[in-house]
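Coordinate inspection notes
Below, each chain spelled out in residue letters.
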Amino acid sequence: MTAQDRPSLNAAQRRALLAADDGSGEVKGSRSVLDALIGSCLAVAHGRRGAVYLTPAGRAVRADLAAAATPAARADGSTEPGAFRPASGDGQAGLPTEPGERRREVLQAWAGLLEVRRLNGEGGTPALWELARPEWAVALALEAAGIPASGFDGRRRVWSGYCVSAGQESAEVRVGWRGPDAFEARCEAAARLGECRTVLVAAGWDAQLYQRSGGEHFLAVMVPRVPRT
């Protein structure tokens, strides 16, 4: 389906299409959103409970939206050989063998992520697409802002920086500060994680600085609890 043939969709309708079930095609949303999709022949109500499912045209539009919203580097962050991955601080992504080229890749991925938000009408808050891969999104925000990730050569840490990992809750991301000298990294962690917090809050995340009983600081990062329409 070409852009000229595609029905005009508002942000809520685009979100509903992108969030539709991959297998069944079931779409969920407000009554007005579902009625608009049905009226545009992108979805149809079916069954006794009146569930709404994508039509073939709806699936085509959804595929177009997903393709347009996905950064060129395949920002699913995972299995594709050679796919872009932001530096998490626990791997070799971001080691400065070609710093200029790496910086261009990071800024391209960040621009793509902002385009995802624009297309989905999310404004300054993380898009649903990001929430499916929060560690990836948080690491990209930090790297794009120029904050160093902890350097790890596969055997040991070679310089200080942030480390991104999964939190205790499903939607939570933890950000710590690690370095080759554990004591030095711990001493500077509060200040450097404060910088990380400023970046993440500006990028639309909720980030809170905590200190464990042993004195180690970390950020707990989550999406702001703002109702989505």
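Thresholds, definitions, all that
Residues numbered from 1 in each chain as written. Predicted model: local features only at pLDDT ≥ 70, side-chain atom pairs only at ≥ 80, totals over all residues. Heavy atoms only, no water. Buried < 20%, exposed > 50% of the residue type's maximum accessible area, 1.4 Å probe, protein only. Helix = DSSP H or I, 4+ residues; strand = E, 2+ residues; numbered from the N terminus. Core = buried A, V, L, I, M, F, W, Y, C linked by side-chain atoms within 4.5 Å. Contact = heavy atoms within 4.5 Å. Salt bridge = Lys/Arg side-chain N within 4 Å of Asp/Glu carboxyl O. Pairing = 2+ DSSP bridges. Axes fitted to C-alpha atoms, helices over the stretch in contact; angles between N-to-C directions.

Some points on helix H6 (residues 134–144)
The buried fraction of H6 is high, at 10 of 11 residues. Burial in H6 covers these residues: Pro134, Trp136, Ala137, Val138, Ala139, Leu140, Ala141, Leu142, Glu143 and Ala144. Just downstream of H6 lies Gly146, where phi reads positive at about 90 degrees.

Notes on the nonpolar core
Core analysis: the largest hydrophobic core is formed by 34 residues, its most contacted members being Val138, Leu142, Tyr162, Val175, Leu200 and Val221. Mapped onto this core, the elements with two or more residues apiece are helix H4 (99–120), H6, strand E6 (161–166), strand E7 (173–178), helix H7 (182–202) and strand E9 (217–222). Per-element tally for this core: the top contributor is H6, with 8 residues. In this structure, Leu200 is in contact with Val138, Ala141, Leu142, Val175, Trp205, Ala207, Leu219 and Val221, ignoring residues within four places of it in sequence. Of all hydrophobic cores here, the second largest spans 15 residues; its members include Leu34, Leu42, Ala43 and Leu54.

Describing the pattern of salt bridges
What the rule picks out here adds up to 8 salt bridges. Between Arg31 and Asp35 there is a salt bridge; the shortest N-O distance is 3.1 Å. Taken as a pair, Arg31 and Asp35 lie in helix H2 (residues 31–39) at a separation of 4 residues, close to a single helical turn. What makes Arg31 partly exposed here is its relative accessible area of 47%. For Asp35, a relative accessible area of 40% translates into the label partly exposed.

Some details on the sheet that holds strand E8 (residues 206–211)
Strand order in the open sheet formed by 4 strands is E6-E7-E9-E8, with antiparallel pairing between adjacent strands. What marks the edges here is a single partner per strand, and that holds for E6 and E8. Taken pair by pair, the neighbouring strands of this sheet meet at an average axis angle of 25 degrees, ignoring direction. Relative to E9, E7 runs antiparallel, the two being bridged by 3 bridges. Bridge assignment links Val173 to a residue of E9, and that residue is Val221. Where H6 meets the sheet, it contacts E6, E7 and E9, and its direction lies at approximately 165 degrees from that of E6. H7 contacts E6, E7, E8 and E9 of the sheet and is inclined by roughly 140 degrees relative to E7.

Points about the sheet that holds strand E1 (residues 26–27)
In space, the 3 strands of this open sheet follow the order E1-E3-E2, with antiparallel pairing throughout. Sheet topology places E1 and strand E2 (43–46) at the edges, where each strand pairs with a single neighbour. Both E1 and strand E3 (residues 51–54) contribute to a ladder of 2 bridges, which runs antiparallel. From the neighbouring strand, Glu26 faces E3, where its bridge partner is Tyr53. Packed onto the sheet, H2 meets E1, E2 and E3 and runs at close to 110 degrees relative to E2.

A word on unusual backbone geometry
At Cys41, a position not held by glycine, the phi torsion is positive, near 65 degrees. With respect to the element layout, Cys41 can be found in the loop between H2 and E2. Using a relative accessible area of 54% as the deciding quantity, one classes Cys41 as exposed.

Observations concerning the environment of Ala111
Mapped onto the fold, Ala111 is located in helix H4. The sequence separation of Ala111 and Ala144 amounts to 33 residues, and the corresponding C-alpha distance is 9.5 Å.

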